[in-house]
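Residue-level structural notes
If you want the building blocks of each chain, they are given just below.
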Amino acid sequence: MELNQLTIHELQEKIKNNSVTATQITESVFSRIDAVEERVHSYIRLMKEDALAAAAKADVDIKKGNIKPLTGIPIALKDIVCTKGITTTCGSRILHNFVPPYNSTVVEKLRSAGAIFIGKANMDEFAMGSSTETSYFGPTRNPWDLERIPGGSSGGSAAAVAADECIASIGSDTGGSIRQPAALCGIVGMKPTYGRVSRFGLIAFASSLDQIGPFTKDVEDCAIMMNIIAGYDPKESTSVNAEVPDYRQFIGRDIKSWKIGIPKEYFIEGVDPEVNAAIKKAIRVIEQSGGQCVEISLPHTQYCVATYYIIAPAEASSNLARYDGVKYGFRAADVRELLEMYKITRMQGFGSEVKRRIMIGTYALSAGYYDAYYKKASQVRALIKHDFDEAFKPCDVILTPTTPTPAFKIGEKTDDPLQMYLSDVFTISTNLAGIPGISVPCGFTSRGLPIGVQFLAGHFEEGKLIQIASAYEKNAKIEKRRPTL
Amino acid sequence: MKISSREVEYVAHLARLEVTEKETEKFTAQLNDILLYIDKLNELDTKGVEPMNHAISVTNAFREDKMLDSIGTENSLTNAPDARGEFFRVPKVID
């Protein structure tokens, strides 16, 4: 195995017993990038010089015995988290030249833990999309099949991990943007509880739904990343001041006598038969691991997508009002008057999916329509959350497919926004309810495309997700495959 | 029709987006599809349901009123498309 193919915990071992250096690990990642990046396009920007300098510094620390949890580990960052002095575009023309004057809290935390930043990963523009096709910098391709999408919006972060172009990465999840690409790329992805990870320095899409989380090669690495990024931040008023457990302690624990809810509304027509079969198999593995699976109902499931496509665009239309060509980013040339400058700047600076969502949101919030759309959706959101509250009374965890289908083809859904939205049907409810979720690989289709199983838990119960995901990973013994690029 | 092309033009103006005739046409069709789908929500009786505005129950997050470092004027202006002195520069607002 090459160094770039290993997990964080495997590399940590090697660093601790002095069998590798941070420089060797980092060089191995960049030689992989040199070999495959042209075809996959995981990154908007690479940070090779900075990364090698950081690796050299890490090697000095390692010699001194000063080894932190991520010392020498190459990490990719979705280009939505601000990095001081390094261009942060959010996949948009309107921020193509934006150089943040500060670091996001997640970047500060990873840096303090010793991480080496490899680059800024590609994404759907402003995280609006399920395929990474709306990026101003061109699409990312699925490492398992270059004709297909990697999922989105954090498609670059997911593809980079799947293609071994980094060891782990950071994404953000507003309606499934971590779990869906994790499933479609055959890796582990977690969306933590709303408020668990600070959003300071995360470019806002829908502030009541956005959450930062990790992509990793296995569940133990997910726990390691969560240990670093979780926690209260006085700079972020919605981050929650609650105790953060050591997530690694949940690895290897059994799930005997746990009750696992299987919501019947997630096994509907339109779910790919191979996905369905893989999930049924995952249920059997959970039962063989000592879990008791029971059918439950989340009765408002069918209203989740409609609710989301009012609330998320409404918040986005307000958040994206700041891009006006005045303070930062792109400004249209040859404009003579202020209103014209706003309008032309935004017309030229935003792509069509972003414009579409700004339009839906502006409409839903406009005079005469607020009660019919935004208020109504906020009420249905309360009903959706109530469904979960009831489900978690008897159940420890809920198990569902992460996505209804495996990765679809590039271009297949770009002309039909509604079909694209429906690919998030199993992930959106989590964000509306604010609960945590994790996607774990659970097999492959006959064409060799990865499938993911999703586990959901109550607020701040990421530990339970790590525990069941780790038990599942151990007992399912999913064949270890790597994409052939 | 949930939304006419004239309404689409008006919403674009509210959102400070210049739209071409072709875009207006496309957005009108797509927004109609999306809004028709969203009509699904009207199947539900939500009378008396308190709207949920946040994923978790949050109360005001107060902090002590003390001076901390900020990024400062110079740093704040480095990304500006057009800045002069301590100010952002924009095209004239009134004649």
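Use the structure listed above.
Rules used in this analysis
- Numbering of residues starts from 1 in each chain and follows the order in which that chain's sequence is written.
- Chain letters and ligand numbers both follow the written order, the letters beginning at A and the numbers at 1.
- Given that this is a predicted model, residues contribute local features only at a pLDDT of at least 70 and side-chain atom pairs are listed and counted only at 80 or more, while totals for whole chains, interfaces and linings are drawn from all residues.
- Derived side-chain values reflect all non-hydrogen atoms in the structure, with water molecules and hydrogen atoms excluded from consideration.
- Only DSSP runs of H or I with at least four residues qualify as helices, and only runs of E with at least two residues qualify as strands; both kinds are numbered from the N terminus onward.
- For this measure, only C-alpha atoms enter the radius of gyration; the expected value for a globule follows 2.2 Å times N^0.38, where N is the number of residues.
- The rule is simple: take the accessible area with a 1.4 Å probe, protein chains only, and divide by the maximum for that residue type; under 20% is buried, over 50% is exposed, in between is partly exposed.
- Contacts are residue-level and defined by heavy atoms, with any inter-residue pair within 4.5 Å sufficient.
- To count toward a patch, a residue needs a relative accessible area above 30% and no salt bridge. Like charges then connect within 9 Å, nonpolar side chains (Val, Leu, Ile, Met, Phe, Trp, Tyr) within 5 Å.
- Reported accessibility uses the Shrake-Rupley method at a 1.4 Å probe radius. Residues are deemed covered only where the shown protein chains occlude them.
- What counts as a salt bridge is simple: a side-chain nitrogen of Lys or Arg found within 4 Å of a carboxyl oxygen of Asp or Glu.
- Within this scheme, the nonpolar core is defined by two criteria: the residues are buried Ala, Val, Leu, Ile, Met, Phe, Trp, Tyr or Cys, and they are joined through side-chain atoms within 4.5 Å.
- As a working definition, buried area equals the accessible area (1.4 Å probe) given up by two parts on being put together, with both sides summed.
- Under the convention used here, Asp and Glu are negative, Lys and Arg are positive, and both His and the chain ends fall outside the count.
- By the criterion applied in these results, polar contacts are pairs of N or O atoms within 3.5 Å in which, for protein atoms, one can donate a hydrogen and the other can accept it, and in which residues neighboring in sequence qualify only through two side-chain atoms.
- A pair of strands counts as paired when DSSP detects no fewer than two bridges linking them.
- Helix axes use the C-alpha atoms of the stretch in contact, all axes being lines fitted to C-alpha atoms, and the angles between their N-to-C directions lie in the range 0 to 180 degrees.
- Orientation labels follow simple angle bins: below 35 degrees gives roughly parallel, above 145 gives roughly antiparallel, 65 to 115 gives roughly perpendicular, and whatever is left gives oblique.
- Residues are sorted three ways: Asp, Glu, Lys and Arg are charged, Ala, Val, Leu, Ile, Met, Phe, Trp, Tyr, Cys and Pro are nonpolar, and all the rest, Gly among them, are polar.
- A helix is expected to span 1.5 Å for every residue after the first.
- For a crossing to be left-handed, the near helix must be turned anticlockwise from the far one by less than a right angle; the clockwise case is right-handed.
- Working definition: a ring pair exists when centres of Phe, Tyr or Trp rings (six-membered ring for Trp) sit within 6.5 Å. Plane angles under 30 degrees give stacked, over 60 give edge-to-face, the rest tilted.

Focus on the overall build of chain A
- Within chain A, the secondary structure is distributed over 15 helices and 11 strands.
- The C-alpha radius of gyration computed for chain A amounts to 21 Å, which stays within 12% of the reference 23 Å derived for 485 residues, consistent with globular compactness.
- Counting only C-alpha atoms and orienting by the principal axes, one finds that chain A spans roughly 65 × 55 × 45 Å.
- A burial count over chain A gives 67% of its 485 residues as buried.
- Within chain A, contacts between residues at least 6 apart in sequence are counted, and of these 75% link residues at least 24 apart.

Structural notes on the overall build of chain B
- Looking only at helices and strands, chain B has three helices and two strands in total.
- Reading the secondary structure of chain B in the N-to-C direction produces α-α-α-β-β.
- For a compact globule of 95 residues, the expected C-alpha radius of gyration is about 12 Å, and chain B comes in at 23 Å, more than 25% above that figure.
- With the principal axes as the frame, chain B shows a C-alpha extent of 55 × 45 × 25 Å.

A word on a nonpolar patch on the surface
- Residues V90, V93 and I94 of chain B make up a contiguous nonpolar surface patch of roughly 300 Å² in combined accessible area.
- With relative accessibility at 70%, the residue I94 of chain B sits in the exposed group.

Topic: the nonpolar core
All names here are of chain A.
- With 177 residues, the main nonpolar core has L70, L110, F126, F388, F455 and Y472 as its most contacted residues.
- With 10 residues, the top contributor of residues to this core is helix α9 (residues 304-319).
- Every residue in contact with F388, bar those within four places of it in the chain, is listed here: Y266, L298, I398, S429, A433, I435 and L456.

Description of the interface of chain A and chain B
- Across the contact, 69 residues belong to chain A and 48 residues belong to chain B.
- Across the chain A/chain B interface, buried area totals approximately 5,300 Å², and carbon plus sulfur atoms make up 70% of it.
- The largest contributions to the chain A side of the interface with chain B come from K343, M359 and Y363 of chain A, which together make up 13% of the buried area.
- In this structure, the connection of chain A to chain B is made through one salt bridge.
- Linking E23 of chain B and K355 of chain A is a salt bridge whose minimum nitrogen-to-oxygen distance equals 3.0 Å.

Topic: the side chain of E133 of chain A
Residue and element names in this part refer to chain A.
- Along the polypeptide, E133 turns up in the loop between β3 (116-121) and α5 (155-162).
- Notably, E133 is buried but unbridged: the nearest opposite-charge side chain belongs to R141, and the N-O separation is 8.7 Å.
- Reaching out from E133, the side chain makes a polar contact with the side chain of S131 at a distance of 2.6 Å.
- Polar side-chain contacts of E133 include one of 2.6 Å to the backbone nitrogen of G411.

Observations concerning the pattern of salt bridges
All names here are of chain A.
- Inspection of the entire model under this criterion finds 20 salt bridges over all chains.
- For D173, the salt bridge goes to R179, with nearest N and O atoms at 2.9 Å. Neither residue differs from the other here; D173 and R179 are each classed as buried.
- One network of salt bridges, in which partners are shared, links D164, K217 and R482.

Things to note about the sheet that holds strand β6 (residues 211-216) of chain A
Residues and elements named next belong to chain A.
- Judged by pairing direction, the sheet is mixed, and its 11 strands sit side by side in the order β1-β3-β2-β4-β6-β5-β10-β11-β9-β7-β8 without closing on themselves. Looking at the sheet topology across the chains shown, the edges are occupied by β1 (43-46) and β8 (292-296). Taking each pair of neighbouring strands and ignoring which way they run, the sheet shows an average axis angle of 30 degrees.
- In this structure, strand β10 (residues 437-444) lies alongside strand β11 (residues 450-456), joined through seven bridges in antiparallel fashion. Within β11, the residue paired with G437 across the bridge is L456.
- Each of β7 (259-263), β8, β9 (397-401), β10 and β11 touches helix α8 (residues 273-288); the most contacted strand, β11, lies at about 50 degrees to it.
- Sheet strands touched by helix α15 (residues 462-476): β5 (188-191), β7, β9, β10 and β11. Its angle to β10, the strand with the most contacts, is close to 10 degrees.

So, the packing of α8 of chain A against α15 of chain A
All names here are of chain A.
- Look at α8 against α15: their axes get within 9 Å of each other, and the N-to-C directions meet at 100 degrees. Judged on the interaxial angle alone, α15 and α8 are roughly perpendicular. From α8, A282, V285 and I286 reach across to α15, where they touch I468, Y472, N475 and A476.
- Among the residues making up the contact of α8 with α15, the classes are represented as six nonpolar, one polar and no charged.

Observations concerning helix α10 (residues 338-349) of chain A
- With 12 residues, α10 of chain A extends 16 Å from end C-alpha to end C-alpha; this agrees with the ideal 16 Å at 1.5 Å per step.
- By the burial criterion, the buried members of α10 of chain A are L338, M341, K343, I344, T345, R346 and G349 of chain A.
- Among the structural elements, α11 (352-365) of chain A together with α1 (5-14) of chain B are those in contact with the buried residues of α10 of chain A.
- The residue sitting at the N-terminus of α10 of chain A and contributing the capping side-chain oxygen is E337 of chain A; that oxygen lies 2.9 Å from the backbone nitrogen of L339 of chain A.

Some details on the packing of α9 of chain A against helix α12 (residues 371-391) of chain A
Residues and elements named next belong to chain A.
- At a closest axis distance of 9 Å, the pairing of α9 and α12 adopts a crossing angle of 125 degrees. Here α9 lies oblique to α12, going by the angle between them. Helix-helix and strand crossings are classified by hand; for α9 and α12 the assignment is left-handed. Contact with α9, carried on its side by C304, T307, I310, I311, A314 and E315, involves Y373, Y374, A377, S378, V380, R381 and I384 of α12 and no other residues of that element.
- Residues belonging to the contact of α9 with α12 are distributed by class as follows: nine nonpolar, two polar and two charged.

Overview of the packing of aromatic side chains
All names here are of chain A.
- This structure, assessed with the given rule, holds 17 aromatic pairs over all chains.
- Seen in terms of ring centroids, Y102 and F200 are 5.4 Å apart; in terms of plane orientation they differ by 40 degrees. Their pairing is tilted. One end of the pair, Y102, is in the loop between β2 (74-78) and α4 (105-112); the other, F200, is in the loop between β5 and β6, and 98 residues separate them in sequence.
- Accessibility expressed as a relative area gives 24% for F200, which makes it partly exposed.
- Where Y323 meets F350, the ring centres are 6.3 Å apart and the plane angle is 90 degrees; that geometry is what we call edge-to-face. Here the residue Y323 occupies a position in the loop between α9 and α10, and F350 occupies one in the loop between α10 and α11, the gap between them amounting to 27 residues.

A closer look at the environment of F200 of chain A
- Considering only alpha carbons, one finds F200 of chain A and K235 of chain A, 35 residues apart in sequence, at a separation of 6.4 Å.
- Residue contacts for F200 of chain A: discarding those within four places in its chain leaves Y102, N103, S104, T105, D233, K235 and E236 of chain A.

Things to note about helix α2 (residues 21-38) of chain B
- Between its first and last C-alpha, α2 of chain B extends 25 Å over 18 residues, near the 26 Å set by a 1.5 Å rise per residue.
- Buried-residue contacts for α2 of chain B involve α9, α11, α12 and α13 (417-422) of chain A together with α1 of chain B.

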